[in-house]
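Read off the chains here:
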Amino acid sequence: MVRDTLLRDSLTGEWSVGLISSPCASPGTCCYATWCTCCHVHSQRTEILDLTGEKYVCCGGMYPACALCDCCGCCGECESRQPWQCLEACCCTNMAIIANRFLIQTRFDIANDPMDNFCIAIGTCCWCCNIFVEGDADIGQMVSECIFSMMAVCFLTQQEVELRRIKSMAKPFEGVPAHIYCELAPSQQKMCRSGDEAKADYGTMEENHVPDNR
């Protein structure tokens, strides 16, 4: 789910399946996302990082003010994914789902699903309601979170179907397209560069590897 207008407009690809139809497209994945949400979020982030070669950053670098970042001091790139990735999946599940989605969209050039834009619009309306509603100022936030919770399983399922398609390609990932990279925030560009460096190092190791024919 990409909110930034310029970045959103730079994305041109489409999801393999629509958000609403994703549970029917992959029922098993939908059940996994429903009953083992935290595990699914964790394994999905692992798939994404393995494909891009990027280092782990809490919540995909989307929420620098995250309380978990303050507690564990992992607001930047971490040398080790664990236990931070596990903590994120369990303690900041909704944020982790959005982070997974953002990483997939910006690394593999996939535009927002129509339902993404609907959720963004609803979130904006709820925020506006907080300004005018007297009494409980959190009612808009509560409504927004309820809607997201209902959509979370569909998000995870659609993302998993897309990752399967990407991994089935001959060359799953060849770097972030230039027209997307230039619209990313500096912190996101840094994350992308770390992935490129990791893949370059791996390529050098492959070239220098001499098969043992003994």
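Residues numbered from 1 in each chain as written. Predicted model: local features only at pLDDT ≥ 70, side-chain atom pairs only at ≥ 80, totals over all residues. Heavy atoms only, no water.

Visitor: How should the nonpolar core be read in this particular structure?
Guide: For soluble globular proteins, nonpolar side chains are generally found buried alongside one another. Counting residues in each nonpolar core, the largest one holds 21 residues, and the members touching the most others are Leu-7, Ile-104, Phe-108, Val-176, Ile-180 and Leu-184. Broken down by secondary-structure element, the contributors of at least two residues to this core are α4 (37–52), α7 (93–108), α9 (139–167) and α11 (186–208). At four residues, the largest contribution of residues to this core is made by α7. In this structure, Ile-104 is in contact with Trp-15, Ile-48, Asp-109, Ile-110, Gln-159, Glu-162 and Leu-163, ignoring residues within four places of it in sequence. (Core = buried A, V, L, I, M, F, W, Y, C linked by side-chain atoms within 4.5 Å. Buried < 20%, exposed > 50% of the residue type's maximum accessible area, 1.4 Å probe, protein only. Helix = DSSP H or I, 4+ residues; strand = E, 2+ residues; numbered from the N terminus. Contact = heavy atoms within 4.5 Å.)

Visitor: It is not clear to me how α7 should be interpreted in this structure. Could you clarify?
Guide: With 16 residues, α7 ought to run about 22 Å at 1.5 Å a step, and its terminal C-alpha atoms sit 22 Å apart, in line with that. Extensive coverage of α7 is indicated by the burial of 14 of its 16 residues. Asp-109 sits one or two positions beyond α7 and adopts a positive phi of about 55°. (Expected span 1.5 Å × (residues − 1).)

Visitor: Before we go on, may I ask you to explain the side chain of Asp-116 in this structure?
Guide: Take Asp-116: it is sitting in helix α8 (residues 114–132). For Asp-116, a relative accessible area of 0% translates into the label buried. Not counting the four nearest positions on each side in its chain, Asp-116 is found in contact with Met-1, Trp-15, Arg-101, Gln-105 and Phe-155.

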